[in-house]
Amino acid sequence: MEAPLTSAIQPGVSLDIKGYEAAGGYQALRKVLQQMTPQEVTALVKESNLRGRGGAGFSTGMKWSFVPMDMEGPKYLVANADEMEPGTFKDRWLLEGNPHQLIEGMIISAYAIQAGISFVFLRWAYKEAAREIRRAISEAYAAGYLGRNILGSGFDLEMHLHTGVGRYMCGEETALLNSLEGRRAVPRAKPPFPQISGLFGRPTIVNNVETLSYIPHIVSKGVAWFQGLSRTGDGGTKIYGVSGRVNKPGAWELPMGVTMRELLEEYAGGMQHGYRFRGALPGGASTDFLTDAHLDTPMDFTAVAAAGSRLGTGTMVVLDDHTCPVGFVHNLEHFFAQESCGFCTPCREGLPWTEKILYALEQGQGTAADLEQLDLHTRLLGPGNTFCALAPGAMEPLQSALKYFREDFEQHVHEKRCPYGNHTY
Amino acid sequence: MATIHIDGKSYEVKEGRNLLETCLSLGLDLPYFCWHPALGSVGACRQCAVKSFKDGQDTKGKLIMSCMEPVKDQLRISISDKEAAAFREQVIGWLMTNHPHDCAVCDEGGSCHLQDMTVMTGHSYRNYHFTKRTYKNQYLGPFLNHEMNRCIQCYRCVRFYKDFAGGKDMDVFAAHNHVYFGRHQDGVLESEFSGNLAEVCPTGVFTDKTLQHHYTRKWDMTYAPSVCQGCGLGCNIIAGERYGSLRQITTRYNGAVNGYFLCDRGRYGYEFVNSPRRIKEVAIRGLTDTAIDTNTALQYLQDKCKPGRTIGIGSPRASLESNFVLQQLVGPDHFYLGVSDTEHDLVSLALKILRQGPVRTPSMQEAAAADAVLILGEDLLNTAPMLALSVRQAVRRQPAQEAMHTAHVLSWQDAAVREAMQDKHGPCFILHVQPTKLDEIATGAYHTAPDNIARIGFAVCRLLKAPVPEVKDLTEQEQQLAQQIADALMAAERPLVIAGYGSGCEGVLRAAANIGRALHDSGKPAMLALTTPECNSMGLEMLGGHRLESAIDAVVNGEADTVIVLENDLYRRLDKPVADRFLKHCRELVLLDHLYNATAEMATVLLPGGTFAESDGTLVNNEGRAQRFFQVFTPPGAIQESWRWLLMLAAATGNERLKHMAYLDDITRAIAQRLPAFAGIERLTPPADFRIAGQKIPREPHRYSGRTAMLADVNVSEPKPPEDEDTALSFTMEGYRGEPPSSMIPFFWWPGWNSVQSINKFQVETGGPLHDGDPGKRLIEPGSNGQHGYFMDAPEHFVPLAGHLLLIPLYHIFGSDELSVHTPAVAERMPAPYIMLCPEDAQRYQVAENHQLQIAIDGHPYTLTVKLNPAMQKGIAGVPAGMPGIGISETPVIAKI
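Bear in mind that the values here come from a model prediction, so they are computed numbers and not experimental data.

Q: Please explain the overall build of chain B as it appears in this structure.
A: In terms of regular secondary structure, chain B is built from 25 helices and 34 strands. Relative to the globule expectation of 29 Å for 897 residues, the C-alpha radius of gyration of chain B, 28 Å, shows essentially globular dimensions.

Pasting the structure below:
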């Protein structure tokens, strides 16, 4: 089984430039600079139907095509490496194991939109990744892959590493751009989209690490190869992960469209002894629960959506039968309430409210009216009602928990205690 | 135009505005917080949600935020939709999770936008049963209270303070539901416009601290539409009174003048009205033992005011009516301008330029629409603060236009426009004697002597191909600057040149006029704004009179016995030795004024003249806009309008020119009839006999409380309210409850809209003119009084004189104005007197920072504390203008060291 993104990565080793080149690295870049126009690169990526791996699944080539190529002045490319979705650790694997793959992807992408300056916006806690990226960037400069007149092509690109200060909000691309500008990490209204007015008000593309890392492979091996990797209409492989009380939690690069069951049973080794599967968040903390009824759902953008959730980052968080779903969701809402940027009312005030209700339920102080409030919040904090997608994402685990585990919530109310005996902080 | 459908009804509306402002302009009620007509939309509060439908078939629809939605043809929305209404109610529910239950003790209560919106959405029951978050408040200086627990995080404060007004020391801190709006630490808010936070804040986070010292609810005040006395710009204000003291000044919206805002001098400088230094009774020197009633005073004066032997000295801070009556009382031949000769020369030159030149002088609204600005010799934030706010908006024009074009956004999409334009500014050049706070937005700022500023101005004019002589001996830097300025002005569509009294230099005014004319001659719709020092400087100049110096001659030469001084402290017009000599020679010195001042010390007769809050009258601002201000309350004691005193005196002395005049309208009509320059001022507002449905317009809100009780300690019978025979406003709560004519709106209130946000209901469209036009009448239009050509005489290059310093006035928003410093809060912000030198001069005269420097003017010694400023030019020293305790009134002047 092919694993183009991760096959060169060895545990505990960060591939340096020599190792990367030996594995065929920077050949795609040479090909692009020597043989392809920027428009051709964009067309290729568009044709591949590479969908953004950050969670939204938007067509990467389409995103690039919105950049006004005739606009004078600087353009920017930004790698969103602010991986902070609870339960998600897929980009870290790529960042620490093979930073040059990302850098090559970024150079090609920057070339496609003719950006002259690029940034890696990295989660502050990824200290090791920061060290490796910094090293890899300087190696790339030394080798002439970055800087002025790259490989004699006349194309210039600067690349900088920017480490964030630990705000989940920065995963949202416009908040990331504000943060990168030195402003508060609050999202921006769209339109205008970053492709038109992004970093410093200039055309900017923000792509996820996994997305950008794929670019060299698509360039080298072509569209048909890329699509052939997948079991479904969404091309390529995907890094999937599983966390929770499974035997072998981890992350694996697998063909797009493996089923939840395969992931859980074959790769994660099934549930730990004595624990039963109750449900999972298929794509990180901000996705709806799926339950055993959905275990045969192929993990791609379309099928997971049809099952009532989102593929998100593709890293599954498993809920077992010994863990209180109320406490589980409380933990998540605590995170989301704390990470709300405070810009729009429903998110700023609504999330702490849900968190407090969930806490009260766990303490045996919840009421039936509280459950109604939770229901109300899952409806009112929906997409479009809030300024960005943070609160709607936060409502996804809550609304599906209320749907699938309603009796647990009601038991908390009736018994005036947590039946699992769990204690949340 | 577009047709949109709201709840099944169709409306013809402007395309491209946002849906919220469109709904409000249509008179529909839709709650909002973060949007402000002057600040645009950011979509933070989510309060203005409505349901939008794709087409007539779509019954499901989706919620949209109306402030973020551009109006397009066939937009189909519902405000009353149940889901939308429930969402809006819940937004208040969310805000209330942390908002305290302190309306009863909150200064905002009764004029609170949050209260109004809460009622509007129907939220009445709190479902949230957890604890509220709390904050520590900050000390923000003498003007504003800070009560962060009330904050609903609408972000308007920082958007006004930082984005709109350019403030640096306020921001938003922290995140999630602990967002904090304030300074990085306790301290005085530095912005000259901080007081607007009290009006911009939709609830009680920022409230007026001066009001709190004598707090009164909005509904309990007696209000009148008025005009600010703080400088020459004539911003429109609303003044509120209770129990005979003035309590608060708020913005009176005027789309053409000050819009939604005021500067802090204008907002807080009102407390001189309540000052213990007020002259409340008649006083006659030598008659201290007996109480002097009005009749005694008039009898006394009847003998003293002999025709031909009496002269009058007018005032730039007195109404047109008071000045006119004095002029007619003593006769135009015996009427003198109560300003220093330097100031008179500057203002009369400004008037000549505006009248006889071809260039139009802009309103502040028009100034804000300029796309290139040249400021010659003015420190606007200190001489005409609100014009500086217009300049701040003007420098955004060019980059904002460009940003709107490249990012495909509309002007009200505030965050997107600001993001796309970043910190770019349109062309703005500031030439001043020292750095000004506005320099930060300047493309180029240059600091040199006023004469040199004028020379650069003349050079710019020549570069604009005007037939003026070449200016020789400019430095290379100055030549480049002139070229840069000329290029920028020529490239602009609506260039604006600003100069005025601040430089104290006529050459600067001439240069500004020349540049304006040259731009005009090359086909540009150029604008020329010239500042004037006081609220009626322009009106007084238009009225005309002799120079103050000749008044001194008249008295010293024995040509006059009695001098009537109108609302003036001559010690601010003349250096102390000169004033002393003059006033000692007056046989009778009659002063009509508000406060005991240095002139009052010398007066033989004191007549208590009403302040703006106790008088009706007309003022003419720097734009030549005549504006009416109305009496707020009937003052205690013998205080009455100066013009009424003077009319009584005219009657007592049998004056023919003022026969049959008793009321304000009589005077205003006479001015308009006798002086063509003032034609039309009688129609500034409806006359005294104006009625709507047979009723006057009440100065008091209909909820005014305590009328039967408030004077019960004096007399249990409720006194008859005073009658206003001069205007169509009444001093009561009874009267016409609908919308008054725009020139006489005493307060903004509308059913369901108790806060200042009710202004929306009085406008043609939000942010637009008031319903029957913005008040005021422009009296000066280009070429209205002959034609002047280019000024040909550039001043000589400034050369320092050995052993001497040229003293230049430096203005201070808090301190340079005579009356506003009587507000304790304003006095607190006043700098200590100083003399500002460059380090080289300090070395030459062997002084250092904080040393005392002795100087002499006309042989009279003055001692001042040294302040160093490397940007000052050699041979020049700055002294604070108009500040108490300095005694140098006539600047610029050469001082010997």
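Q: I would appreciate a short explanation of the overall build of chain A in the present structure.
A: When helices and strands are counted, chain A shows 16 helices and eight strands. Relative to its length of 425 residues, chain A is compact, with a C-alpha radius of gyration of 22 Å against a globular reference of 22 Å. By residue count, 59% of the 425 residues in chain A fall in the buried class. The contacts of chain A with a sequence gap of at least 6 include a subset with a gap of at least 24, amounting to 72%.

Q: Please clarify how the UniProt feature "domain: 4Fe-4S His(Cys)3-ligated-type" (unreviewed entry) in chain B should be interpreted in this entry.
A: The UniProt record marks residues 83-122 of chain B with the feature "domain: 4Fe-4S His(Cys)3-ligated-type" (unreviewed entry), using the residue numbering of this structure. The span residues 83-122 of chain B is 57% helix and 0% strand, and its two end C-alpha atoms sit 14 Å from each other.

Q: Honestly, the interface of chain B and chain A in this entry has me stumped. Any pointers?
A: By a widespread convention, an interface's size corresponds to the accessible area lost as its parts come together. On the chain A side, the residues contacting the 34 residues of chain B number 31 residues. Where the side of chain B that touches chain A is concerned, the elements lending two or more residues are β4 (62-65), α2 (82-96), α13 (385-406) and α14 (414-421) of chain B. By residue class, the composition of the side of chain B that touches chain A is 20 nonpolar, eleven polar and three charged.

Q: Please clarify how unusual backbone geometry should be interpreted in this entry.
A: Pro191 of chain A connects to Pro192 of chain A through a cis peptide bond whose omega is 0 degrees. In this fold, Pro192 of chain A is placed in the loop between α8 (173-180) and β4 (204-208). Following Thr891 of chain B, the chain continues to Pro892 of chain B via a peptide bond in cis, the omega torsion being -5 degrees. Topologically, Pro892 of chain B is positioned in the loop between β33 (876-880) and β34 (893-896). Backbone geometry places Asn49 of chain A, a non-glycine residue, at a positive phi of 60 degrees.

Q: Looking at this structure, I do not really get the domain arrangement of chain A. What am I missing?
A: Residue and element names in this part refer to chain A. Domain parsing of chain A yields domain 1 (17-228), domain 2 (239-320) and domain 3 (325-415). Using only C-alpha atoms to locate each centre, domain 1 and domain 2 end up separated by 27 Å. Each partner contributes to the interface: domain 1 provides eleven residues, whereas domain 2 provides 16 residues. Each residue belonging to the side of domain 1 that touches domain 2 can be placed in one class, and the counts come to three nonpolar, four polar and four charged.

Q: I tried to follow the pairing of strand β23 (residues 605-608) of chain B on my own but got confused; where do I start?
A: Looking down a regular strand, the side chains alternate between one sheet face and the other. Residues and elements named next belong to chain B. Residues Val605 and Leu607 of β23 are buried on one face, and the alternating residues Leu606 and Pro608, pointing to the opposite face, are buried as well. Pairing of strand β13 (residues 283-284) with β23, which is carried by two bridges, proceeds in the antiparallel orientation. Paired with Ala283 across the two strands is Leu606, which belongs to β23. Bridging between strand β22 (residues 588-593) and β23 involves four bridges; their strand directions are parallel. Counterpart to Leu591 in the pairing with β23 is Leu606.

Q: Sorry, what's going on with the UniProt feature "domain: 4Fe-4S Mo/W bis-MGD-type" (unreviewed entry) in chain B here?
A: According to UniProt, the feature "domain: 4Fe-4S Mo/W bis-MGD-type" (unreviewed entry) maps to residues 221-277 of chain B in the numbering used here. End C-alpha atoms of residues 221-277 of chain B are separated by 24 Å, and the span's content is 9% helix alongside 35% strand.

Q: Please clarify how helix α9 (residues 209-228) of chain A should be interpreted in this entry.
A: Residues that lie three or four places apart on an α-helix share one face, since the helix turns once every 3.6 residues. Across its 20 residues, α9 of chain A extends only 22 Å between first and last C-alpha, which sits more than 12% below the 28 Å expected from 1.5 Å per residue. Residues of α9 of chain A that are buried: Val209, Glu210, Thr211, Leu212, Ser213, Tyr214, Ile215, Pro216, His217, Ile218, Val219 and Phe226 of chain A.

Q: What am I meant to see in α14 of chain B here?
A: All names here are of chain B. Most of α14 is tucked away, with seven of its eight residues classed as buried. Asp414, Ala415, Ala416, Val417, Glu419, Ala420 and Met421 are the residues of α14 that are buried. Structurally, α14 contributes buried residues whose contacts are with α13. After α14 finishes, the residue Gln422 shows a positive phi value of roughly 50 degrees.

Q: Would you explain the sheet that holds strand β5 (residues 237-243) of chain A in this entry?
A: Within a beta sheet, neighbouring strands are joined by backbone hydrogen bonds and run either parallel or antiparallel to one another. All names here are of chain A. Within the open sheet, the four strands sit side by side as β6-β5-β8-β7. Their pairing is mixed. Looking at the sheet topology across the chains shown, the edges are occupied by β6 (250-255) and β7 (277-281). Pairs of neighbouring strands in the sheet enclose a mean axial angle of 30 degrees, with direction left out of account. Alignment of β5 against β6, held across six bridges, turns out to be antiparallel. Across the sheet, residue Tyr240 finds its bridge partner in β6, namely Trp252.

Q: How should I be thinking about the domain arrangement of chain B in this particular structure?
A: As far as domains go, chain B holds domain 1 (2-96), domain 2 (283-342 + 539-710 + 722-774), domain 3 (344-532) and domain 4 (804-896). Here the C-alpha centre of domain 4 of chain B lies 56 Å away from the C-alpha centre of domain 1 of chain B.

Q: Whenever I open this one, the packing of α13 of chain B against α14 of chain B confuses me. Can you help?
A: Residue and element names in this part refer to chain B. Between α13 and α14, whose axes approach to 8 Å, the crossing angle comes to 105 degrees. By the criterion of interaxial angle, the relationship of α13 to α14 is roughly perpendicular. Of α14, the residues touching α13 (which contributes Pro399, Ala400, Ala403, Met404 and Thr406) are Val417, Ala420 and Met421. Broken down by class, the residue content of the contact of α13 with α14 amounts to seven nonpolar, one polar and no charged.

Q: What am I meant to see in the confidence of the model for chain B here?
A: As a general rule, the predicted coordinates of low-pLDDT regions are not to be interpreted in detail. Here chain B averages 95 in pLDDT, while 99% of its residues score no lower than 70. Across the interfaces of the predicted complex, the ipTM metric reaches 0.96, alongside a pTM of 0.96.

Q: Can you walk me through the nonpolar core in this structure?
A: Among soluble globular proteins, nonpolar side chains are generally buried collectively. Core analysis: the biggest nonpolar cluster contains 384 residues, and Ile107 of chain A together with Val373, Leu387 and Ile498 of chain B have the highest contact counts within it. Core analysis: the second largest hydrophobic core is formed by 25 residues, Leu837, Ile855, Leu864 and Val879 of chain B among them.

Q: Can you walk me through the environment of Asp333 of chain B in this structure?
A: When you line up the elements, Asp333 of chain B lands in the loop between α9 (320-330) and β15 (335-336). Judged by C-beta crowding, with 10 C-beta atoms within 10 Å, Asp333 of chain B ranks as exposed.

Q: What should I look at first to understand the pairing of strand β10 (residues 222-227) of chain B in this one?
A: Residue and element names in this part refer to chain B. Taking burial as the measure, the six residues of β10 include six buried ones, the bulk of the element. Of the two faces of β10, the one lined by Thr222, Ala224 and Ser226 and the one lined by Tyr223, Pro225 and Val227 are each fully buried. Pairing of β10 with strand β11 (residues 236-242) involves six bridges; the strand directions are antiparallel. The residue of β11 that forms the bridge with Pro225 is Ile238.

Q: How do you make sense of the environment of Cys535 of chain B when you look at a structure like this?
A: By the element assignment, Cys535 of chain B lies in the loop between β20 (527-531) and α18 (537-543). Setting aside anything within four residues of it in sequence, one finds Cys535 of chain B in contact with Val227, Cys228, Gln229, Gly232, Gly234, Arg317 and Leu619 of chain B.

Q: Please clarify how the environment of Phe130 of chain B should be interpreted in this entry.
A: Locating Phe130 of chain B in the fold gives a position in the loop between α3 (113-121) and β6 (144-146). Sequence separation between Phe130 of chain B and Arg669 of chain B is 539 residues, and the spatial gap between their C-alpha atoms is 66 Å.

Q: I tried to follow the sheet that holds β22 of chain B on my own but got confused; where do I start?
A: Residue and element names in this part refer to chain B. Pairing within the open sheet is mixed, and its six strands lie in the order β13-β23-β22-β21-β14-β15. At either margin of the open sheet sits one strand with a lone partner, and together these are β13 and β15. Sheet strands in contact with helix α8 (residues 294-304) are β13, β21 (562-566), β22 and β23, and its direction is about 130 degrees off that of β23. Relative to the sheet, α9 contacts β14 (310-313), β15 and β21, its axis offset from that of β14 by approximately 165 degrees.

Rules and cut-offs
- Residues numbered from 1 in each chain as written.
- Chains lettered and ligands numbered in written order.
- Predicted model: local features only at pLDDT ≥ 70, side-chain atom pairs only at ≥ 80, totals over all residues.
- Helix = DSSP H or I, 4+ residues; strand = E, 2+ residues; numbered from the N terminus.
- Rg over C-alpha atoms; globule rule 2.2 N^0.38 Å.
- Buried ≥ 20, exposed ≤ 12 C-beta atoms within 10 Å, placed from the backbone.
- Contact = placed C-beta atoms within 7 Å.
- UniProt positions renumbered as here; feature names shortened; annotations may be inferred.
- Nonpolar A, V, L, I, M, F, W, Y, C, P; charged D, E, K, R; others polar.
- Domains from an automatic or database assignment.
- Pairing = 2+ DSSP bridges.
- Expected span 1.5 Å × (residues − 1).
- Axes fitted to C-alpha atoms, helices over the stretch in contact; angles between N-to-C directions.
- Parallel < 35°, antiparallel > 145°, perpendicular 65-115°, else oblique.
- pLDDT = per-residue confidence, 0-100.
- Core = buried A, V, L, I, M, F, W, Y, C linked by C-beta atoms within 7 Å.

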